[in-house]
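Take a look at the letters that make up each chain.
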Amino acid sequence: SASPKIVFVHGSAQNAHTWDTVCLALGEPALVVDLPGHGHSSWRDDGDYTPRSLAFDIAPIIEANAPDAHLVCGMSLGGLTTLALAYQRPDLVSRLMMVDITPGVTPEKAKARLDQVVDALIRNNAATPKNLKLLKEAMKTGMSGRQGEPLWKLWQALGGDPGDLAGYGVYE
């Protein structure tokens with residue numbers, strides 16, 4: 001098969017499959033990376049999910065599988081991660097595309113805001129079957145480790161069964 005021409009990196013609460021339809025539509029060889037703690041990847045032992053740390057994590061993957069990619073594209077957290085990658089390893093990023101980044105958001109600010117949203121949902125009795133289904137999917141595919149703690153709190157408050165998440169590498 002042809003060497004990947006494009007590398008895609010997803011955002012927070014997402015996984016590599018975020019890019020499935022884009023890859024199919026482009027029809028170009030691509031490498032799509034699951035960030036640590038997302039999708040099927042392992043959590044980081046140190047709990048550091050900052051773009052700088054994530055860039056160090058994905059660099060060897062890109063170096064091994066797509067060292068000559070024409071474009072590295074990241075969305076949201078993936079965009080910030082690929083920006084850090086371009087700084088750390090310019091040899092791996094000939095062109096950079098960032099989609100929907102929020103450069104002023106820190107992990108602390110993001111977690112505080114997510115905690116506020118979760119608390120409001122709990123207060124407002126948001127335990128509908130549809131909300132539980134959506135939350136279950138988000139927890140299975142996108143959030144793990146420390147970044148998933150607010151979602152786990154919400155799952156429990158809404159009466160979600162912890163057994164429903166068994167086998168997905170989330171909260172085990």
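Note: the structure precedes this text.
No experiment lies behind these values; they were computed from the predicted model shown.

Novice: What's the story with the overall build of the protein chain in this structure? I'm lost.
Specialist: Within the protein chain, the secondary structure is distributed over 6 helices and 4 strands. Seen in sequence order, the protein chain has helices and strands lined up from the N terminus as β-α-β-α-β-α-β-α-α-α. Here the protein chain holds 172 residues, and 37% of them are scored as buried.

Novice: How should the nonpolar core be read in this particular structure?
Specialist: As a rule of thumb, nonpolar side chains are buried together in soluble globular proteins. By size, the foremost hydrophobic cluster in this structure holds 19 residues, and its most contacted members are Val-7, Leu-31, Leu-35, Ile-58, Ile-62, Leu-85 and Leu-92. Mapped onto this core, the elements with two or more residues apiece are strand E1 (6-9), strand E2 (30-33), helix H2 (51-65) and helix H3 (77-88). Broken down by element, the residue count for this core peaks at 5 residues, all from H2. The residues contacting Leu-31, other than those within four sequence positions of it, are Pro-4, Ile-6, Val-7, Phe-8, Ile-61, Ile-62, Asn-65 and Ala-66.

Novice: I'm lost on the sheet that holds strand E4 (residues 96-99) in this one. Help?
Specialist: Hydrogen bonds between backbone groups are what pair the strands of a sheet, and the pairing can be parallel or antiparallel. Strand order across the open sheet formed by 4 strands is E2-E1-E3-E4, with parallel pairing between neighbours. Among the strands making up the open sheet, the edge pair consists of E2 and E4. For this sheet, the mean angle separating the axes of adjacent strands, direction not counted, is 15°. In the packing of H2 onto the sheet, contacts are made with E1 and E2, and the angle to E2 comes to roughly 160°. Across the face of the sheet, H3 comes into contact with E1, strand E3 (71-75) and E4 while running at roughly 140° to E3.

Novice: Quick question: what am I supposed to make of H2 here?
Specialist: Since one α-helical turn is 3.6 residues long, residues separated by three or four positions face the same way. The end-to-end C-alpha distance of H2 is 20 Å, a good match for the 21 Å that 15 residues give at a rise of 1.5 Å each. Helix geometry: H2 is bent most strongly at Ile-58, by close to 30°, with proline Pro-60 lying one to four residues after it. Of the positions making up H2, those classed as buried are Ser-53, Leu-54, Ala-55, Ile-58, Ala-59 and Ile-62. Buried-residue contacts for H2 involve E1, E2 and H3.

Novice: It is not clear to me how the pattern of salt bridges should be interpreted in this structure. Could you clarify?
Specialist: Side-chain pairs of opposite charge can arise whenever the charged atoms involved come near each other. A full pass over the atoms with the stated rule returns 5 salt bridges. With a closest N to O distance of 3.2 Å, Glu-28 and Lys-5 form a salt bridge. Of this pair, Glu-28 sits in the loop between helix H1 (20-26) and E2 while Lys-5 sits in the segment before E1; the two residues are 23 residues apart in sequence, bridging distant segments of the chain. A salt bridge links Asp-91 to Arg-89, with the shortest nitrogen-to-oxygen separation between them at 2.8 Å. Shared partners join several salt bridges into a network, and the residues in it are Arg-44, Asp-46 and Asp-57.

Conventions adopted
Residues numbered from 1 in each chain as written. Predicted model: local features only at pLDDT ≥ 70, side-chain atom pairs only at ≥ 80, totals over all residues. Heavy atoms only, no water. Helix = DSSP H or I, 4+ residues; strand = E, 2+ residues; numbered from the N terminus. Buried < 20%, exposed > 50% of the residue type's maximum accessible area, 1.4 Å probe, protein only. Core = buried A, V, L, I, M, F, W, Y, C linked by side-chain atoms within 4.5 Å. Contact = heavy atoms within 4.5 Å. Pairing = 2+ DSSP bridges. Axes fitted to C-alpha atoms, helices over the stretch in contact; angles between N-to-C directions. Expected span 1.5 Å × (residues − 1). Bend = angle between axes of the 7 residues up to and from the residue. Salt bridge = Lys/Arg side-chain N within 4 Å of Asp/Glu carboxyl O.

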